[in-house]
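# Fold and geometry: a report
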Amino acid sequence: MSATNSDQSVTDDRVARIASSIRVIPDFPKPGIMFQDITTMLLDPVAFKDTIDLFVERYREKDISVVAGVEARGFIFGPPIALALGAKFVPIRKPNKLPGAVISEEYSLEYGTDKMEMHVGAVQTGERVLIIDDLIATGGTLAAAIKLLERVGANVVECACVIELADLKGRDHLGDKPVFVLVSST
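Residues numbered from 1 in each chain as written. Predicted model: local features only at pLDDT ≥ 70, side-chain atom pairs only at ≥ 80, totals over all residues. Heavy atoms only, no water.

If you look the protein chain up in an unreviewed UniProt entry, it shows as adenine phosphoribosyltransferase from Ambrosia artemisiifolia. Per UniProt, the protein chain has the following entry under Subcellular location (unreviewed entry): "Cytoplasm". Quoted verbatim from the Subunit (unreviewed entry) field of the UniProt record, the comment on the protein chain reads "Homodimer." (UniProt positions renumbered as here; feature names shortened; annotations may be inferred.)

What follows is the structure, encoded as structure tokens:
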């Protein structure tokens, strides 16, 4: 694993600590998958803090008003980043998980479709949004989150992920939206 992002390589001892704290589990959840397990990073308070700090340092001066976390692991990283930036946190969830009125965006999976939802009124026209998730693989969920937020008039500034599975070319599905990644895995 190495550090990479859309602008330049992140060269920081913290990135090496983060990368080394992520456990790779072969053949989970099915044969051939190399699962990137962030739960071991969460057990390391220094690596977890480093992760949050690197994101906060990147976005502190970008006038972010909303941090949108993609279910479910975006909920781990999003709230502390939002608090540090003085922004609100908006969960982007799978269907039928949010009470009240929601708007949704359907997206394609390898076999079928799924949806992402958020509360009506959670994000206002013109707000500057950072989308956060733990991992970008094929880019489907991030692309759906971008479309959902742009439908309500938000300005998606960037997508940020702890890990990128670069071989799956998820960035290709995000149009011109920049992606910032701490750790790249093939």
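## A word on the side chain of R14
Mapped onto the secondary structure, R14 falls in helix α1 (residues 13-21). For R14, a relative accessible area of 17% corresponds to the buried category. Engagement of the side chain of R14 in a polar contact is seen with the side chain of E57, the distance being 2.8 Å. When sequence neighbours within four positions are dropped, the list of residues in contact with R14 reads D50, D53, L54 and E57. (Helix = DSSP H or I, 4+ residues; strand = E, 2+ residues; numbered from the N terminus. Buried < 20%, exposed > 50% of the residue type's maximum accessible area, 1.4 Å probe, protein only. Polar contact = N/O pair within 3.5 Å; in protein donor to acceptor, adjacent residues only side chain to side chain. Contact = heavy atoms within 4.5 Å.)

## Digging into the nonpolar core
One finds F55, V67 and I81 to be the most contacted residues of the largest nonpolar core, which totals 29 residues. Put simply, the parts of the chain that give this core at least two residues each are α1, α3 (45-59), α4 (74-85), β7 (128-136), β8 (155-165) and β9 (179-185). Element by element, the count of residues in this core is highest for α3, at 6 residues. Discounting residues that sit within four places of it in the chain, F55 has contacts with I81, I132, A160, C161, V162, F180 and L182. (Core = buried A, V, L, I, M, F, W, Y, C linked by side-chain atoms within 4.5 Å.)

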